[in-house]
Every structure is written in C-alpha cells, then in structure tokens.
Amino acid sequence: MNDASWTAERLVRAFAAATNLVIAGQRIHVTGAGELAGALRSLLRALGAVSSGSDRADYVFLTADGASPSAAEADELPFRDGAIVVDASDDGAFTIALGARGLAALATRPPSRRYRLADGRCLDVLRLDPAALRLDPVTARLDSTRRRAEALEPGSDAAARDTDLRLDWARRFMPASSRVAASLAAEGVLRGRRFGVSMVLEPKTAVLSLLLAEAGAQVSLYAHSDETDDAVADALRARGFAVHAGSGADADGQIANARAYLAESHEFLLDDGSHLIRLAAHDGIELLGAAEETTSGLRPLHAMGEALRIPVLAVNDARVKTRFDNRYGTGQSCVFAIADLLDLLGRGFADARVAVVGFGPVGVGVAQHASALGALVTVCELDPVRALEARYAGYDTAPLEDTVGTADVVVSATGEPQTITATHLRAAGPGTAFAVAGGVLDEIALDDAQSLGALLEPRAWKVDAVLWPGAKHGDRAGDDAAATSASGSGSAASSVSGDSPALVLDRGGCINITAAEGNPVQIMDLSFAAQLTAAGMLARGDVRGPGVHPLPPSADEVIAAGMLGADDGPRSPELAETESETEPESEPTAPDSRLSPISKPAWHPTRFPNA
C-alpha cells in the first residue's frame, strides 16, 4: 500500500471514529487532484459511497492540493446545509478561515465544530491532519468517542454535557426512527404502555428510548455490563428513566440487574440477543409480547418451541435491518474497529490474508469492507450455496482448518458458539489476530483454550496473546510498529516474528461494541425504525399467538420510501401484510446447526447460566 492510500485509510477510519457515521450510501465529494484525493475517492467508492457535487454532498473531504475556501469566501461556500466538512489539508486552511471570520461555533459532538453561516446554513467541520496521521498514526488518529468520553470524570458536568451532545448528534441522524415515532405519538397507540428495552446501551439506544417515551410509552432499560456506556446510562437516569445497568457489574450483579429490570412489570420487551425474553420465560414472568433485534437471538427463540408462550416479532429479519445493519453497519464498524486495534501493533488490512468465517449478511459485510481496505479475503463457509455465493462475489473459499495456519486475521461472523475452537487457536500461524463480528458468548472458545492450559497475556489495548504451555513464543507483537508505520506498509505479516503467538482481539467480545461505538448512527436508525414499527404492532395487538412472527414486507417499504423521500402518504404498514406479494429475500432465522455442529441452540439464557 502506498503512502497516499495508507493515509486515506487512516483519514476515513478517523472520520468514522469521530462521528460514528456510515460511509456506504452517503453522497461524498473530495476536492483536489493529487494522490491523496485520488486515494480517498477510490477508498470511499470501494466502501459504498456515492460520488456527488459539493452542493449535494453529505460529507466533503478537503485535501491539501484542493483550492481551500478563503475567509472571504466563507459565506459563499458551495455546501448544503448540514454538510460535514473534513478539513484534511496539511495547513488546516478551511478551519482557520472559519475561525478568522468569527462565525458562531454551535454546540455539537466533539471533536467536530459546528458553524452557522450568514445565510443560515450550518456546517459541521472536522479537522484531520494527514501529516500527523502519516507520522504517528497511533497517537495522532482520533480515538473513538467512547474512549475519549470515558476519560472524563464520571458524573461531572463535563461528562454530562459531553453525553448530551452525543445524544443530540445521534438523534440528528435518525430521521426514519423519528418519523415512525411521530406517527405512533399521533396515533396514541403507545400511550401508557410499559416497554422494556434491553440492548447495547449507547447513544442510539438512548434515542430509541427517548422516542418511545415521547410517543407515550413507559420505558425502562437493561444492558449487560460489557455493553454499557455508563455516561449514557447516567444521562437517561437524569431524564427519569429506570436504568438497570453498569459497566462494573459482575455476573451476580448482572443477574440482579436483569431481574430488577423484569420486576418493572413490562408488557413488552425490545431485546437484543433474546437473553431477557428467555430469562422472563425461565422465571415465569408474564409478558404480552416482544421484539428481537438479532440473528443470534432468534435462533434460540425458534428452538424453544412450545416453551415460547408469547408472540415475538423478528425485527432482525426485516429487510431494512438485515440488509443494512448486518452488512453495512456491522461490516464497517467491525472492520474499522479491528483495523484500529491492529494499528496499535503497526499492522493493517492492506495485503493481509483475512479469513471471514461465515457468509451470511454479517460475513458479506465484513468481507466487503476488509477487501475495500486492501485485504486478500478467503471465506470459510459450511453452507455450499453461500460458499458458492462468496466465490461469485470474488473471494476465495476454503475450510477454516486449511486457512487458519496462514491467515493474518480471522474474523468469525457466524453468531454461533465455538466457531473458533481451541484447536483453531493452537493451529494459528504466528501473529494471527482473531476477532468476532456481531457475535455471541464463546464464539471464540477461550474457556476451552484456558482449560487446556492456554494463558492470555495483554499486548495492547484490547489485544491479548494466546500463550500455550510448552510453546516458544516471541514477545514482539508491535515491536516493529514504528518501522511499519514509517514505511507506510499495512501488511499484517510485516511486524510479526516467526515464533510470535496468536492474538485475540477484545477477548472474543463483540468487537464493534466494546472496542468502538457500535454500528453507525444512520444504520441503527433503520433498525430502530423497524423496532418502533414492531412496538406499534405489539401495542395495537396486530400480532397474536405464541412463536416468532415476521414483520410485514410493507413495513420495510414505508421506512425505505421515507428515506428516499418517496413516501406517498400515510398508511399503516402494520396492518398491510397482504398488500405486497414480495417476500423478504433474507432467509428467516430458524433453528439451525449449519454453522456450528458443536453447539445446538438452547433456550436457557446464555448470559445468565446460573439463573
């Protein structure tokens, strides 16, 4: 990878970390005709961006060789209202020009700054110094907003203000959810109904909860300790919500939080992973219905059979969820989070041999984004149809057992326990980095590995080496980071010694949640619009009978049409199940051991094994 391409990748990842916004599907304009501008255009297109004129672009990247607007031109900028301008020039001329004019800097999510021009247009400006990123990517790139926010004193005014800005930012990019919530509020169907939200507790989930409350619902929240942003939890408590979550909760604390949450006497649950739906069933707590957000959560619900005595809406299987959240949201956020961690070791995706395990919607997204960053992708998939699909998408295919010994990075995208076994970890080549995209507990079988004597030794933030008894291991993971960075090489193998151990990122956790800020805002907007649609259906009584039920196809169509500006007017997608004969192309999630012959789905709550 040449210097311009390497710098372009770091700029795009720094932009994503600072904003938590998606690249795919967004209109983007890049100024300039030099190498960096060309590399940016190529990378952004590979990630799914749409080239646009500066007057229509959602994001504008200003490079050093472009004509940066002067202070005198600040009021005549050819940018649309609400555009995000990334000042990637070497001298920061555009940012300096705005400051020199004394334009009002409005409150917005740090580190961006928002300015109001004389004609009333607002621009968000993010200064990224490409020279600094080239010289010292580890310290010069912007850490994820979550890491920066966690550095603030908990409970301080500064922390509260920072969180408020993050929530405001997320809400700004959630128009689909806002439209559905406004419709529900006007209808009054949620008024006084009791909803529990048990999802990753971060700004987008907070906005979902606020929208439910504004539509009239009574809302309380639960989150697992490793999926809790304490500042966001505090912000919701300050707004009057009951929040049963804390990042420091141990196993006993988590089950206590979960049961306190269920004691709120909810009528309906909006769940992620179905852990709380299953715990309620286990404890005999009566609910009227629920909605489930994830593939890994639907599998055990299907497996419950008659033990599932309430209707559950499969939000995961909605087209506006699976086709966007899994592919573009999880794909971008997981691959970028992995790349950020590899950056700490002086490594990257460029020319790296990456094995993607599973080629469902998440695997498709991971492969696409890793390939866009320059990786050589091999797909490991047991389903022959999906393996053939991967081949037609341009990827090599091979069994994981034949790939793990030569891969630089292995990403599990199955959502099945023990996809990566202790045997795979032991057979890995030197310095192979293992990570989980999306995921469930024990998707990387670290407990089994440790029971066989393996030790985990920290090597960097969220990076552990797997040390096997009797093996000779080097201690050079990251030793050559400076040399690698200076050379501009992103090859994963370039900084790993011949006897260095395999690495596990984030201890096999959901990499985009605990090592970053989750899926991009616009992607979760689509998923949460489907969740709100499901909430309306549950409250209205549109779905009856126990078991897992699909959302009607017309619900997807209304949400998508609204995003395209083509919504023809009010109609009730919840009641229009027979209006469209087009069925979702995404496969319904059913009981299935295709991806994991070792572990079959069980209905018992895996997050609470001692319940």
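Cut-offs applied
- Residues numbered from 1 in each chain as written.
- Predicted model: local features only at pLDDT ≥ 70, side-chain atom pairs only at ≥ 80, totals over all residues.
- Heavy atoms only, no water.
- Helix = DSSP H or I, 4+ residues; strand = E, 2+ residues; numbered from the N terminus.
- Buried < 20%, exposed > 50% of the residue type's maximum accessible area, 1.4 Å probe, protein only.
- Contact = heavy atoms within 4.5 Å.
- Areas by Shrake-Rupley, 256 points an atom, 1.4 Å probe, with all protein chains shown as cover.
- Pairing = 2+ DSSP bridges.
- Axes fitted to C-alpha atoms, helices over the stretch in contact; angles between N-to-C directions.
- Parallel < 35°, antiparallel > 145°, perpendicular 65-115°, else oblique.
- Nonpolar A, V, L, I, M, F, W, Y, C, P; charged D, E, K, R; others polar.
- pLDDT = per-residue confidence, 0-100.
- Core = buried A, V, L, I, M, F, W, Y, C linked by side-chain atoms within 4.5 Å.
- Disulfide = S-S within 2.5 Å.

Participant: Lay out the overall build of the chain in plain terms, naming residues and giving numbers.
Facilitator: A count of helices and strands for the chain gives 23 helices and 22 strands. Evaluated residue by residue, the chain yields a buried proportion of 59% over its 611 residues. A sequence separation of at least 24 residues applies to 71% of the contacts in the chain between residues at least 6 apart. Per element, the accessible surface of the chain, about 23,100 Å² overall, is 51% carbon and sulfur.

Participant: Outline the sheet that holds strand S22 (residues 547-550), listing residues and values.
Facilitator: Strands sit in the order S10-S9-S8-S11-S12-S13-S22 across an open sheet of 7 strands; the sheet is parallel. Strands at the two margins of the open sheet, each flanked by one partner only, are strand S10 (242-244) and S22. The average angle at which neighbouring strand axes cross in this sheet is 20 degrees, direction not considered.

Participant: Pulling in residues and values, what's your account of the packing of helix H11 (residues 251-262) against helix H12 (residues 275-283)?
Facilitator: Two numbers describe how H11 lies on H12: the axes approach to 11 Å, and their chain directions differ by 75 degrees. Classified by the angle their axes make, H11 and H12 are roughly perpendicular. Residues Ile255, Ala258, Arg259, Tyr261 and Leu262 of H11 touch H12, and the partners they reach there are Leu276, Leu279, Ala280, His282 and Asp283. The residue makeup of the contact of H11 with H12, split by class, is 7 nonpolar, 1 polar and 2 charged.

Participant: Account for the environment of Val548, with residues named and values stated.
Facilitator: Topologically, Val548 is positioned in strand S22. With a relative accessible area of 24%, Val548 lands in the partly exposed category. Between the C-alpha atoms of Val548 and Ala314, which are 234 residues apart in sequence, the distance is 6.3 Å. Excluding anything up to four places from it in sequence, Val548 contacts Leu298, Leu301, His302, Leu308, Val312 and Ala314.

Participant: Quick rundown of the sheet that holds strand S2 (residues 50-51)? Include the residues and the values.
Facilitator: Strand order across the open sheet formed by 7 strands is S2-S1-S3-S4-S7-S6-S5, with mixed pairing between neighbours. Strands at the two margins of the open sheet, each flanked by one partner only, are S2 and strand S5 (104-106). Sheet topology places strand S3 (residues 59-63) next to strand S4 (residues 84-88); 5 bridges connect them, and they run parallel. Counterpart to Phe61 in the pairing with S4 is Val86.

Participant: Help me get a handle on the confidence of the model for the chain, residues and values and all.
Facilitator: In the predicted model, the chain carries a mean pLDDT of 87, and 84% of its residues have values of at least 70. Counted against residues more than four places away or in other chains, residues 566-586, with its pLDDT under 50, gives 36 contacts.

Participant: Tell me about the nonpolar core, and please be specific about residues and values.
Facilitator: Judged by nonpolar contacts, the single largest core of 123 residues is most densely connected at Phe15, Leu190, Leu212 and Phe349. When residues in this core are grouped by element, the largest group, 12 residues, is from helix H22 (residues 521-540). Excluding anything up to four places from it in sequence, Leu190 contacts Leu184, Phe195, Leu212, Ala215, Gly216, Ala217, Ala535, Gly536 and Ala539.

Participant: Describe in detail the state of the cysteines, supporting the description with residues and values.
Facilitator: Counted under the stated rule, the structure contains 0 disulfides. The thiol sulfur of Cys334 is not disulfide-bonded, and the nearest other cysteine sulfur, from Cys510, lies at 5.6 Å. A relative accessible area of 1% places Cys334 in the buried class.

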